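What the coordinates show
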Amino acid sequence: MSLAEIKLPDYRELAPEVAERFQKIRQRPVILSVQGLEKSFGPVNDRHCVFSDISLDIHRREFICVIGASGCGKSTLIRIVAGLDDSTGGAIMLDGHGISGPGPDRGMVFQGYTLFPWLTVKRNVMFGLEMGGGSHSTCETEARQWLEIVGLSKFEDSYPHELSGGMKQRVAIARALANKPRILIMDEPFAALDAQTRCQMQAYLLQVWKKVDVTILFITHDLDEAAYLSDRILVMGANPGRVMEFIDNPIPRPRSVRQFISPEFLALKNRLEELIHPSFGAEDDEEKIPVIKMTEAGDEVE
Amino acid sequence: MPENRPAANRDWLGLKMELPPRRRLLLTILSFVIPLAVWAIVSYVPFIWHPLVMITDPGDVDYFTQGDEFPYADFLEQNKEMAAQHMKPAQGYRVNPVYLPPPHAVARAFFTAFKTPPRLPNEPWLHQSLGHSISTIFWGFFLSSIIGVPLGVLCGTYRFFSRLQEPFIEFFRYLPAPAFGALCVAILGIDDGPKIAIIFIGTFFQQVLVIGNTVRKVDPALIEAAQTLGARGWKLVRRVIIPASICDIYTDMRILLGWAWTYLIVAEVVGTMSGITFFINQQARYRNFDNVYAAIAMIGIIGFFSDLFLGWLGTVLFPWKRRNRSRSKSKVPTTGQLWPEKVEPVMTQALVHKKPELESNVAG
């Protein structure tokens, strides 16, 4: 039985409490505003467009996920927001001001951890604070608080290579949050982790987000992850990169793994699959590969 | 049960397989013992090589004199002639040429060379010669480094400096340093100046390029991470680019120091001959080849042990490179609670059901 055969509610139907929550979110000030963003490269006569006409508004303390097929430019989009790449058109406003280059107001967590291997865990978290001009002792106190929040106080004097992947990523989150960024940009932060560590990190990130005044822009290619974490999901399409849909996540908060089989979750997931894999659910989606049968008759496995 | 032992214990030639420590040590010792054994066999087994005969009694051979060496073939031929003429044959024993002293003579020379006073009062002792060489290397390498390392870091960091400097340096490094010998003497005189200059020329240009390349290899993601944390300009260089590459720069410096040693002998011939080269030449002139070998071996030993020392110093200076630290101290628990207790119980429950072992592959 395929997912399409189950009677699912419309993913656009929001429960009253969910709709009310979105009402409240929309009354909050806009932190990040992207208007008509465009990125292309190459010479004038052979221009390659990564994406064009991307617009979105993110309100304070929203959790936005960006998903899309590979090549849709989602990584480029957040690199531009972070100031690590330049756009070729459009505007990005942070708190109503334009941005130029990377800065501590836009914290970033990378898939590859990017902890400084020569610094201990504590010194890694202190790095941004010191760049902001804090004194050593205040930076140290603040760094300890952040390590407490991510539960790594015991490891403050360890070096990054002594930690597991999940722990490294928690240090990276603490390091980014210590700078009190207006927006925390996360580029597939849990993609390199094994499945159950990833689950833990997701639950964990939600807890931190609830307690810390931070807005999150989260890139992923994992549809479950996007559905589980987000308030809204920006679905991007490829060739050329564009916004396909900006979906209000109908799953009520607080979230838990139990919701993975709730009707809202399945409806949302179904919609995301439709957008990302257009042939999803069709009968002929199994690609036939030309392999000669090399087993005896009657020896079928399926 | 030999089949239950790990493969490395059964197989000396396992591909890419690390050998057990005892075998490693054994092979390390053998790597020195084998060449020494070859040398000892050639020196002490009379019928292997030994192309000359040391004459103990010239007999009736006209041109043989006692204490001289003659080719073995001549010795046989002369004695055959003597036998035919019923005259007294020459006596002697087979020896190797004087330029191949036996191991024990060289070993003895290691000690006697230091204790033997120089033949002329104004000649240096061996330890003075060695000291002179080391100071020449030091100054050449030091002067090269205080300019070359910062320049290399600049070239590696900023494309501006890379484009401005590297093409010329790339050209210049093909010019052999000894070719500048005469020029250096003309400019800097005949004492230590030109020698230091040649080591400088031999080191500097390689140094800028090698260090520039090392700095360029710094993971760009680290630089980007630092930028999103607010680092920029000089702070970014000082707090990220230099620490990220310092360990590899250190390794480069160790290799470059080895190159500096290879320029030493050429440098010391320039102007008035000095240092260990002077000692080697002088001893060769006196035909004390055991001392020559001892002096050459000393250069190797000084180089080898200074590199071992620098390697050890590296592990002190760069503690984050000590990969096994956590294993010895076992600071990271491999089981038990790794997660802050704030996580919802339902979450942990569900996870435990999915897969019993929690995040246990730490420090992997």
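These figures come from a predicted structure and were not determined experimentally.

Conventions and cut-offs
Residues numbered from 1 in each chain as written. Chains lettered and ligands numbered in written order. Predicted model: local features only at pLDDT ≥ 70, side-chain atom pairs only at ≥ 80, totals over all residues. Helix = DSSP H or I, 4+ residues; strand = E, 2+ residues; numbered from the N terminus. Rg over C-alpha atoms; globule rule 2.2 N^0.38 Å. Buried ≥ 20, exposed ≤ 12 C-beta atoms within 10 Å, placed from the backbone. Contact = placed C-beta atoms within 7 Å. Domains from an automatic or database assignment. Pairing = 2+ DSSP bridges. Axes fitted to C-alpha atoms, helices over the stretch in contact; angles between N-to-C directions. Core = buried A, V, L, I, M, F, W, Y, C linked by C-beta atoms within 7 Å. pLDDT = per-residue confidence, 0-100. Expected span 1.5 Å × (residues − 1). Bend = angle between axes of the 7 residues up to and from the residue. Nonpolar A, V, L, I, M, F, W, Y, C, P; charged D, E, K, R; others polar.

**What about the overall build of chain A?**
Helix and strand counts for chain A stand at eight helices and 10 strands. Here chain A has a C-alpha radius of gyration of 21 Å; the compact-globule value for 302 residues is 19 Å, and the two agree. The principal-axis extent of the C-alpha atoms belonging to chain A is close to 75 × 50 × 50 Å. Out of the 302 residues in chain A, the part that is buried amounts to 45%. Within chain A, residue pairs in contact and separated by at least 24 positions form 71% of the contacts whose partners lie at least 6 positions apart.

**Notes on the domain arrangement of chain B**
Each domain of chain B was delimited in the assignment, giving domain 1 (52-97) and domain 2 (107-321). Its C-alpha centre places domain 1 of chain B at a distance of 52 Å from the equivalent point of domain 2 of chain B.

**Looking at the environment of Thr120 of chain A**
All names here are of chain A. The residue Thr120 is located in the loop between β6 (106-109) and α3 (121-131) in this model. Judged by C-beta crowding, with 19 C-beta atoms within 10 Å, Thr120 ranks as partly exposed. Here the alpha-carbon distance between Thr120 and Ser158, two residues 38 residues apart in the chain, equals 5.4 Å. Leaving out residues up to four positions away in the same chain, Thr120 has contacts with Glu156, Asp157, Ser158 and Tyr159.

**Things to note about the sheet that holds strand β10 (residues 242-248) of chain A**
All names here are of chain A. Overall, mixed pairing links the six strands, which are arranged β6-β7-β8-β3-β9-β10 in an open sheet. At either end of the open sheet lies a strand with only one pairing partner, and these are β6 and β10. This sheet shows a mean twist of 20° between the axes of neighbouring strands, independent of strand direction. In terms of strand pairing, strand β7 (residues 183-187) meets strand β8 (residues 215-219) through five bridges, oriented parallel. Counterpart to Ile185 in the pairing with β8 is Leu217. Where helix α5 (residues 165-178) meets the sheet, it contacts β6 and β7, and its direction lies at approximately 175° from that of β6.

**Focus on the nonpolar core**
Counting residues in hydrophobic clusters, the biggest one holds 122 residues, and the most contacted among them are Ala174 and Leu217 of chain A together with Ile199 of chain B. With 13 residues, the single largest contributor to this core is helix α8 (residues 192-216) of chain B. Listed in part, the 12 residues of the second largest apolar core include Ala113, Ile280, Val292 and Met298 of chain B.

**Focus on the confidence of the model for chain B**
Residues and elements named next belong to chain B. Of all residues in chain B, 86% attain a pLDDT of 70 or more, and the chain-wide mean is 84. For chain B, helix α14 (residues 345-354) is the element with the lowest average pLDDT, namely 36, and α8 is the one with the highest, namely 95. Contacts for the low-pLDDT stretch residues 325-364, under 50 throughout, to residues beyond four places or in other chains number 47 contacts.

**A closer look at the pairing of strand β2 (residues 48-59) of chain A**
Residues and elements named next belong to chain A. Of the pairings in the sheet, the one linking strand β1 (residues 30-41) to β2 comprises eight bridges and is antiparallel in character. Of the residues in β2, the one forming a bridge with Val30 is His59. From the end of β1 to the start of β2, which pair antiparallel, there are six residues, and Gly42 there has a positive phi angle of about 100°.

**Structural notes on unusual backbone geometry**
Residues and elements named next belong to chain A. Following Asn239, the chain continues into Pro240 via a peptide bond in cis, with omega recorded as -10°. In this structure, Pro240 sits in the loop between β9 (232-237) and β10. Cis geometry is adopted by the peptide bond preceding Pro254, which originates at Arg253 and carries an omega value of -5°. If you trace the backbone, Pro254 turns up in the loop between β10 and α8 (263-276). Even without being a glycine, Lys180 presents a positive backbone phi close to 50°. With respect to the helices and strands, Lys180 occurs in the loop between α5 and β7. Look at Lys180 and you get partly exposed, because 17 C-beta atoms sit within 10 Å.

**Comments concerning the pairing of β6 of chain A**
All names here are of chain A. Residue alternation in β6 divides its side chains into two sets, Arg106 and Met108 and Gly107 and Val109, and both sets are buried. Pairing analysis gives four bridges linking β6 to β7, with the strands arranged parallel. Within β7, the position partnered with Arg106 by the bridge is Ile183.

**Here's the deal with the sheet that holds β1 of chain A**
Backbone-to-backbone hydrogen bonds pair the strands of a sheet. The strands run either parallel or antiparallel. All names here are of chain A. Taken together, the four strands give an open sheet; going across it, the order is β2-β1-β4-β5, and neighbouring strands pair in antiparallel fashion. Each end of this open sheet is capped by a strand with a single partner; those strands are β2 and β5 (97-98). Sheet topology places strand β4 (residues 89-94) next to β5; two bridges connect them, and they run antiparallel. The residue bridging Leu94 from the neighbouring strand is His97, located in β5. Each of β1, β2 and β4 is contacted by helix α2 (residues 74-82), which is oriented at about 120° to β1, the strand it contacts most.

**Some remarks on helix α5 (residues 126-157) of chain B**
Over its 32 residues, α5 of chain B runs 45 Å from end to end, which matches the ideal 46 Å to within 8%, given 1.5 Å per residue. For α5 of chain B, the principal kink sits at Ser145 of chain B and spans about 35°.

**Remarks on the domain arrangement of chain A**
Accessible area lost when the parts come together is the quantity often used to give the size of an interface. Residue and element names in this part refer to chain A. In terms of domain boundaries, chain A breaks down into domain 1 (15-105 + 183-191 + 212-279) and domain 2 (112-180). For domain 1 versus domain 2, the separation of C-alpha centres amounts to 27 Å. Of the residues that constitute the side of domain 1 that touches domain 2, the class distribution is six nonpolar, no polar and no charged.

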